[in-house]
Amino acid sequence: MSKINTRKLESDSTTGFGTNGRDSGGRFYNTDGIPNVRKKGIGFFEGISWFHTMINLKTFHFILLILFGFIGINLLFTFIYLLIGTDHLVGIRQGGPFEIFMEVFFFSAQTLTTVGYGRVSPMGNLAGLVSTLEAFAGLMSFALASGLFFARFSRPFMHVRFSKNVLFSPFKEGKALMFRVAPFNDNVLSEVEVKLTLAIRELENGKQVNRFYPLTTTVSRINALVLSWTVVHEIKEDSPLFGFSEQDLMETPFEILVFIKAFDETYANQVIRRYSYLSQDIICNAKFQVMYHPDPYSNSTILDFDKLNDYELVGA
């Protein structure tokens, strides 16, 4: 059971998650910021947003999908050409089955991309119809792929990384929870704001309910995120974690929801990132090591991401 004194704290009802703890399971947000929700009861294709799926695919997977899609379309039309007969294709070099297959495949690729070198050409209405349909499919697929490439390249995204752990450490006269965030590309983030929410399941009148409590930070807004930023929640009397010992933190299942908002000067747009920490991500009595230092000539500052998660133990 939670040690949080709900009589002194007001739960936040604006998180978008339900309050009945029996109706939800697992963490609320994954570490990639995507809500941990799966949809059921709708059609497979209806439940898929193809645009969002393609946009959110990892770059390697996206390129592989485009490549396999290109090969798959060519193979489909290759078999169609073979089905209607290679005698409808002028210029096909004679040879074994594999050589003929490759000849037709390359002709299909040239038609799909509208390159059309001219050595092989369709003859007759049937082959002409198939090549026309393939050229149209090529125009449509390349227009779609180009749009997706541009959307992936140009969409606003907050390029920051979070520390793997949250530290529970001595701070001033008491204790504090802290984690670290840092930008990893050349985008300049300004007017950066952070909001923390403690999500915990409690027993209320014999029922398990979800409660969400705001966690105030010592600094909730900075002018620009250039180097690393250690976000600190000081555990004072107004904190929902006030009175928690190290053992309480480790044994009480909860989740810290992180919401960061900033203005990206490159995109000239607002960007948002979400993250999530669980209670097992907490390291007690530790502090982060500095992750930036001057270069050998002291002409610039080096932000070393190899040290993003580095910490050292301190006295309790």
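Every chain is numbered independently, its residues counted from 1 as its sequence is written. At least 70 in pLDDT is required for a residue's local features to be given in this predicted model, at least 80 for side-chain atom pairs to be given and counted, and no such filter applies to totals for whole chains, interfaces and linings, which use all residues. Computation of side-chain values covers all heavy atoms of the structure but excludes hydrogens and water.

Thoughts on the confidence of the model for the chain
A score between 0 and 100, pLDDT records how confident the predictor is in each residue. Residues with a pLDDT of 70 or more make up 90% of the chain, whose mean pLDDT is 85. Element-level pLDDT for the chain is lowest in helix α5 (residues 246-251), with a mean of 78, against a maximum mean of 93 in helix α2 (residues 59-84). Secondary structure counts use DSSP, requiring at least four H or I residues in a row for a helix and at least two E residues in a row for a strand, with both numbered from the N terminus.

Observations regarding the nonpolar core
For soluble globular proteins, nonpolar side chains are generally found buried alongside one another. Side-chain atoms within 4.5 Å are what join buried Ala, Val, Leu, Ile, Met, Phe, Trp, Tyr and Cys residues into a set we call a nonpolar core. Buried, partly exposed and exposed residues are distinguished by accessible area as a fraction of the type maximum, computed with a 1.4 Å probe on protein chains only: under 20%, between the cut-offs, and over 50%, respectively. Of all hydrophobic cores here, the largest spans 34 residues; its most connected members are Phe162 and Val258. Top element by residues in this core is strand β6 (residues 189-204). It accounts for six residues. In what follows, residue pairs with any heavy atoms lying within 4.5 Å of each other are defined as contacts. Those residues within four positions of valine 258 in sequence are excluded, and the remaining contacts are Phe162, Phe179, Val194, Lys195, Leu196, Arg273, Arg274, Tyr275 and Tyr277. Phe77, Tyr81, Val104 and Val130 belong to the second-largest nonpolar core, a separate cluster that totals nine residues.

Things to note about the packing of aromatic side chains
A pair of Phe, Tyr and Trp rings is counted when the ring centres sit within 6.5 Å of each other, with Trp represented by its six-membered ring. The angle between the planes then sorts it: under 30 degrees is stacked, over 60 is edge-to-face, the rest tilted. For the coordinates displayed, the defined rule picks out ten aromatic pairs. Here phenylalanine 62 and phenylalanine 149 contribute two aromatic rings whose centre-to-centre distance is 5.0 Å and whose plane-to-plane angle is 80°, an arrangement assigned as edge-to-face. With a gap of 87 residues between them, phenylalanine 62 in helix α2 and phenylalanine 149 in helix α4 (residues 125-154) connect regions that are remote in the sequence. Ring-pair connections join several aromatic residues into one group, and the members of that group are Phe79, Phe101, Phe105 and Phe106. The rule for a charge over a ring is simple: NZ of Lys or CZ of Arg within 6 Å of the ring centre, and within 35 degrees of the ring normal. The ring of phenylalanine 62 carries the charged tip of arginine 152 above its face, separated from the ring centre by 4.4 Å. Arginine 161 extends its terminal NZ or CZ atom over the ring of phenylalanine 305, reaching a point 5.8 Å from the ring centre.

Things to note about unusual backbone geometry
Positive phi values are uncommon outside glycine, yet glutamate 191 reaches one of about 50°. With respect to the helices and strands, the residue glutamate 191 is situated in strand β6. Exposure remark for glutamate 191: the relative accessible area of 35% places this residue in the partly exposed category. Phi is positive for serine 298, which is not a glycine, with a value near 55°. Relative to the assigned elements, serine 298 resides in the loop between β14 (292-294) and β15 (301-303). Residue classification places serine 298 among the exposed residues on the basis of a relative accessible area of 58%.

Some thoughts on the side chain of arginine 273
With respect to the element layout, arginine 273 can be found in strand β11 (residues 269-278). We call two N or O atoms a polar contact when they sit within 3.5 Å, provided that within protein one can donate a hydrogen and the other can accept it, with sequence-adjacent residues counted only if both atoms are side-chain atoms. At 3.3 Å, the side chain of arginine 273 and the backbone oxygen of methionine 158 are in polar contact.

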